[in-house]
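In case you want the letters, here they are:
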Amino acid sequence: MKKQFLAAMAALTMATLVGCSGGAKETTAATTAAPATEATTAAPATEAATTAAEATEVQTTEAADAIDPDSRLAKVLESGKLMVGTSPDFAPMEFKDVTKTGDEMYVGSDMEMARYIAEAMGLELEIKPMEFSAIQQAVNSGTIDCGISGFAYTAERAENYGTSILYNIVSEDEGHTLLVKKGEGANFDEASDFSGMKVLAQNASLQQSLVMEQLPADISFQPVTTVTDGVLMIINDKADALAVSHDNGEMLMAAYPEIEFTTFKFDHSDDGNIILMKKGEDELINAINEVLAEINESGIYETWTEEAQALAESLGIE
């Protein structure tokens with residue numbers, strides 16, 4: 001919808017410019033007493049240009065009228081900015097890169113996607129860093145337009161938030177698992193193997209839900225603010241396992257050779273990620289979904305992930 005609106009606006013601008021330019025030339029030709037045959041020939045072209053301009057104006061008006069002026073999309077278009085909330089502690093999807101001048105840049109596959117979406121919608125991207133658990137509150141309060149921070153699809157999120165289509169859809173051999181101390185991964189093949197263990201997961205994450213739903217009831221569960229906090233607890237024998245996504249787990253193992261994956265994997269269908277928006281803001285959801293569909297079809301997200309992994313490793317970021 002947004003792209004159609006922008007295209008219509010651009011077409012209207014071009015048609016207006018062309019119409020004005022053509023009209024001036026034709027008026028000049030008439031003033032210089034051009035032959036009657038030339039004047040007669042120019043008339044149909046003038047009529048055609050006028051018709052095209054009128055048609056474009058109608059299309060543009062219809063596109064603009066189709067947007068609810070009170071909607072989030074209308075407010076985003078009016079501001080010229082797309083405000084995205086993220087928790088930049090989840091490489092390779094979102095993390096910080098400090099420049100030589102000391103400035104912090106928010107990078108990663110999700111951040112590249114956010115820039116792509118904003119550009120496709122003709123908007124400036126404004127990134128709002130915050131704790132992962134705070135993003136959902138910010139979406140509902142309207143502090144941000146959307147949350148892009150490695151959110152996985154869950155039925156609960158779909159019920160309480162406006163959710164985009166899936167992106168970064170993972171293969172069957174990936175998904176979600178747990179990290180334990182090096183050499184212990186093969187000891188955890190089934191959910192029952194975690195009985196009596198202290199298990200961690202990032203607060204308000206999908207992994208927290210998976211732990212509570214699929215591991216034994218007698219585990220000792222503790223939420224952590226960042227997955228790095230969880231890794232350090234495992235290394236220092238303050239916890240037994242940390243639930244993670246496959247991609248994030250790979251980055252953590254590269255930074256901390258003292259940990260490894262378990263052979264156990266959580267059972268979770270529709271593995272992939274979503275963008276969170278406020279419930280009911282269908283126009284904004286549809287506009288972003290249109291861009292996400294192009295991203296999925298092109299396969300460019302995989303390229304962003306590979307580049308982000310290389311960058312994180314070069315920076316020594318876990």
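Note that the coordinates shown come from a computational prediction; the quantities given were computed from them, not determined experimentally. (Residues numbered from 1 in each chain as written. Predicted model: local features only at pLDDT ≥ 70, side-chain atom pairs only at ≥ 80, totals over all residues. Heavy atoms only, no water.)

### Some words on the overall build of the protein chain
Here is the rule we go by: Helix numbering and strand numbering both begin at the N terminus, where a helix is a DSSP run of H or I of at least 4 residues and a strand a DSSP run of E of at least 2. Contact definition: two residues touch when any of their heavy atoms are within 4.5 Å.
Helix and strand counts for the protein chain stand at 11 helices and 12 strands. Partitioning the intrachain contacts of the protein chain with sequence separation of at least 6 by distance along the chain shows that 73% fall at a separation of at least 24.

### Examining the packing of helix α4 (residues 109-120) against helix α10 (residues 282-298)
We count it as follows: Lines fitted to C-alpha atoms define the axes, with helix axes restricted to the stretch in contact, and inter-axis angles between N-to-C directions lie between 0 and 180 degrees. Throughout, the term roughly parallel applies to angles under 35 degrees, roughly antiparallel to angles over 145, roughly perpendicular to angles from 65 to 115, and oblique to all others. Whether a crossing is left-handed or right-handed is set by the direction in which the near helix is turned from the far one by less than a right angle, anticlockwise for left-handed and clockwise for right-handed. In this classification, Asp, Glu, Lys and Arg are treated as charged, Ala, Val, Leu, Ile, Met, Phe, Trp, Tyr, Cys and Pro as nonpolar, and every other residue, Gly included, as polar.
At a closest axis distance of 10 Å, the pairing of α4 and α10 adopts a crossing angle of 120°. When the axes of α4 and α10 are compared, the pair comes out oblique. As for the relative orientation of α4 and α10, their crossing is right-handed in sense. Facing α4, whose interface residues are Met 113, Tyr 116, Ile 117 and Ala 120, α10 presents Ile 288, Val 291, Leu 292, Glu 294 and Ile 295. The class makeup of the residues in the contact of α4 with α10 is 8 nonpolar, no polar and 1 charged.

### Here we look at the packing of aromatic side chains
Stated precisely, the cut-off is as follows: Aromatic contacts are taken between Phe, Tyr and Trp rings whose centres are within 6.5 Å, Trp giving its six-membered ring; a plane angle under 30 degrees counts as stacked, one over 60 as edge-to-face, and the others as tilted.
Considering all chains together, one arrives at 7 aromatic pairs under this definition. These aromatic residues form a ring-pair network of at least three members: Tyr 116, Tyr 167, Tyr 301 and Trp 304.

### A closer look at the side chain of Asn 273
Short version of the rule: In this scheme, a residue with accessible area under 20% of its type's maximum is buried, one over 50% is exposed, and one in between is partly exposed, where area comes from a 1.4 Å probe on protein chains only. Nitrogen and oxygen atoms within 3.5 Å of one another constitute a polar contact, given that in protein one can donate a hydrogen and the other can accept it, and given that sequence-neighbouring residues count only through two side-chain atoms.
Within the secondary structure, Asn 273 is located in the loop between β11 (259-265) and β12 (276-277). Take Asn 273: its relative accessible area is 7%, and that puts it in the buried class. Here the side chain of Asn 273 touches Gly 150 through a polar contact of 3.1 Å, landing on its backbone oxygen. Aside from chain neighbours lying at most four places away, what touches Asn 273 is Met 93, Gly 150, Phe 151, Ala 152, Ile 165, Leu 166, Tyr 167 and Asn 168.

### Observations regarding the nonpolar core
Put simply, the rule reads: Here, the term nonpolar core denotes a set of buried Ala, Val, Leu, Ile, Met, Phe, Trp, Tyr and Cys residues that are joined through side-chain atoms within 4.5 Å.
Ranked by size, the top nonpolar core spans 32 residues in total, and within it Met 113, Ile 117, Met 121, Ile 148, Ile 275 and Ile 288 carry the most contacts. Of all the elements in the fold, those that place two or more residues in this core are α3 (72-79), β1 (81-86), α4, α10 and α11 (300-315). By residue number, the principal contributor to this core is α10, which donates 7 residues. In this structure Ile 275 touches Met 113, Ile 117, Cys 146, Gly 147, Ile 148, Gly 162, Thr 163, Ser 164, Tyr 167, Ile 288 and Leu 292, once residues within four positions along its chain are discounted.

### Quick look at the pairing of strand β10 (residues 241-245)
Within a regular beta strand, the side chains point alternately toward one face of the sheet and then the other, so they alternate between its two faces. This is how the line gets drawn: DSSP-based pairing: two strands are paired if at least 2 bridges between them are found.
Taken across its 5 residues, β10 has 5 buried, putting it largely inside the fold. Because side chains alternate across β10, one face comprises the buried residues Ala 241, Ala 243 and Ser 245, and the other comprises Leu 242 and Val 244, equally buried. By the bridge criterion, 4 bridges tie strand β7 (residues 176-181) to β10 in an arrangement that is antiparallel. When the sheet's bridge partners are listed, Thr 177 is paired in β10 with Val 244. With 2 bridges joining them, strand β8 (residues 198-202) and β10 adopt parallel strand pairing.

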